[in-house]
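Topology and contacts: notes
Residue-level listing of the chains:
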Amino acid sequence: MSATETAPVTGPSFGDAASGWLRGRAPVPALVAAALVFTLSSVRAYGKARSGIDNAVVVRAARALLSGGSPYADKRFLYPPGAVFAALPQTPFPEKALFYAVPVVTGALVAVGGVLALRIFGVRADSRLAVALALGTALFLPFQSLVFLGNWTAASVAAFPAALLLARNGRWAAAGVVVGVAVALKPMLVPLFLLFLLARQWRALAWGLGLPAAISLSAAVALPRPGLFFTRTLPFLLHGQDAYARPYDASWPAVLPRLGVPHLLAFALAAVAGTAVLYFAWLRWRCGGDPALRLVECAALLMLAAFVVSRPSFLNYALVVVPSLAVSVVVRGAAARSVWFWVPLVPQLGGVPWPGVDSAQRHAFRDVVMFGGLAVVLGVAAWRGRGWGRDDGVVTESSCRYSLCSEVEARRSGPETRPDPEAR
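Residues numbered from 1 in each chain as written. Predicted model: local features only at pLDDT ≥ 70, side-chain atom pairs only at ≥ 80, totals over all residues. Heavy atoms only, no water.

1. With respect to the nonpolar core
- Core analysis: the largest hydrophobic core is formed by 87 residues, its most contacted members being Phe121, Phe160, Leu189, Leu195 and Met303.
- Take this core: its biggest share by element is 13 residues, from helix 15 (residues 291-309).
- Not counting chain neighbours up to four residues away, the residues in contact with phenylalanine 160 comprise Leu189, Leu192, Ala299, Ala300, Met303, Val320, Val321 and Ser324.
- Among the nonpolar cores identified, the runner-up in size contains 14 residues, and Ala62, Phe77, Val84 and Leu223 belong to it. (Core = buried A, V, L, I, M, F, W, Y, C linked by side-chain atoms within 4.5 Å. Buried < 20%, exposed > 50% of the residue type's maximum accessible area, 1.4 Å probe, protein only. Helix = DSSP H or I, 4+ residues; strand = E, 2+ residues; numbered from the N terminus. Contact = heavy atoms within 4.5 Å.)

Now the structure itself:
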């Protein structure tokens, strides 16, 4: 090739063409239908008498505080002290009102999380992908579990993409604030502290650590007998709760003993697996590539590492990472473009049978396949993209547009002239 010639630019692949179609505006009837299906799935909890069980535990703790008791006298209350005061606005309402309101509010938080996940990749909220996301979420068993229980994981479902969107826009300190507030309500997003470490965003890390510490300490001072958290609640959590909740726990230390693996060996295997997933999260960060995709896949791996090891790890936790990962399908090189990404998710759709593990008590076996399968797919993608970045080359795709890469000659001249991926 002579100096006057340019490198050939191939036409868009099928994946790129599909990405452009998914980004396009959906017809109004499709948007209305998706919103209707999503709403109906949210309120299907009305057909069950004990809807909002998990939220009721937090409200009961807040009412105990108002009556002068300690919220941690109830072994079912497993939240930080700040959650007690966050639940106080619900205490004046009767149980009947909460029965109807909680599923709607929970579904609304998930919808907000979905819209924020779309915005991470510059996708419209009225796009065809938004329609697909709404329909898929409505049929997703973790979503149905979340709205039925009224679990406060819904706050993390919205906070996870919100923090990543802020980080994507360079507002790392604000991302730390969002994570810190979410952790003060429920410490689910603690693994994102490692994302701040990988990105060397010390101010964001300070906000993420400082806010929940300040909120929890301030709230604990106002609680009667706050020491019960350490003497009663924390041991209850570390032992995997009790026989009532243990069958629903999809973490390796809970599932493997049910298959005959000794507890100590199960914990060791979980630790090894969790460490491996953390390594792949670090590797994914080193790979660089599209900034939004890098953030989402690295953060998801950090969360999945926790889901493998920590107890408990319930079905509805999947909603924290799956929407953002699913939306990443519009980016070239995303793990979501592999069919293997979707394989562990399909059995979690309502109506798809899995003989032998369809009962609520045995569903954890299906859930551990979902968490483990996602971790494997993301880990393999990170391994394949190590060193050079997955999207380096003549044509790269940002979250909003195509641009020609200026590193053609750098790629041809050898790895020693290639920029450091950390400088991206």
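Following the structure, the description resumes.
2. Side note on the packing of aromatic side chains
- Scanning the entire structure with this criterion turns up 16 aromatic pairs.
- Taken together, the ring pairs connect Tyr72, Phe77, Tyr79, Trp152, Phe229 and Phe230 into an aromatic cluster.
- Directly above the aromatic system of phenylalanine 99 lies the positively charged group of lysine 96, at a separation of 5.7 Å from the ring centroid.
- Against the face of tryptophan 285 rests arginine 294, its NZ or CZ located 3.7 Å from the ring centre. (Phe/Tyr/Trp six-rings, centres within 6.5 Å; stacked < 30°, edge-to-face > 60°. Lys NZ or Arg CZ within 6 Å of the ring centre and 35° of its normal.)

3. Remarks on helix 12 (residues 228-238)
- Looking only at helix 12, the buried set comprises Leu228, Thr233, Phe236 and Leu237. Mapping the buried residues of helix 12 onto a view down its axis gives an arc of 100°, with all of them on the same face. For helix 12, the exposed residues lying more than 90 degrees away from the buried face are Phe230, Thr231 and Leu238. (Arc of directions from axis to C-beta.)

4. Details of the UniProt feature "transmembrane region" (unreviewed entry) in the protein chain
- Cross-referencing UniProt, the feature "transmembrane region" (unreviewed entry) maps to residues 28-47, 97-118, 174-198, 204-223, 264-285, 317-343 and 363-383 in the present numbering.
- As annotated, residues 174-198 comprises 76% helix and 0% strand, and the C-alpha atoms at either end are separated by 17 Å.
- Along residues 317-343, the helical share is 52% and the strand share 0%, with 18 Å between the first and last C-alpha atoms. (UniProt positions renumbered as here; feature names shortened; annotations may be inferred.)

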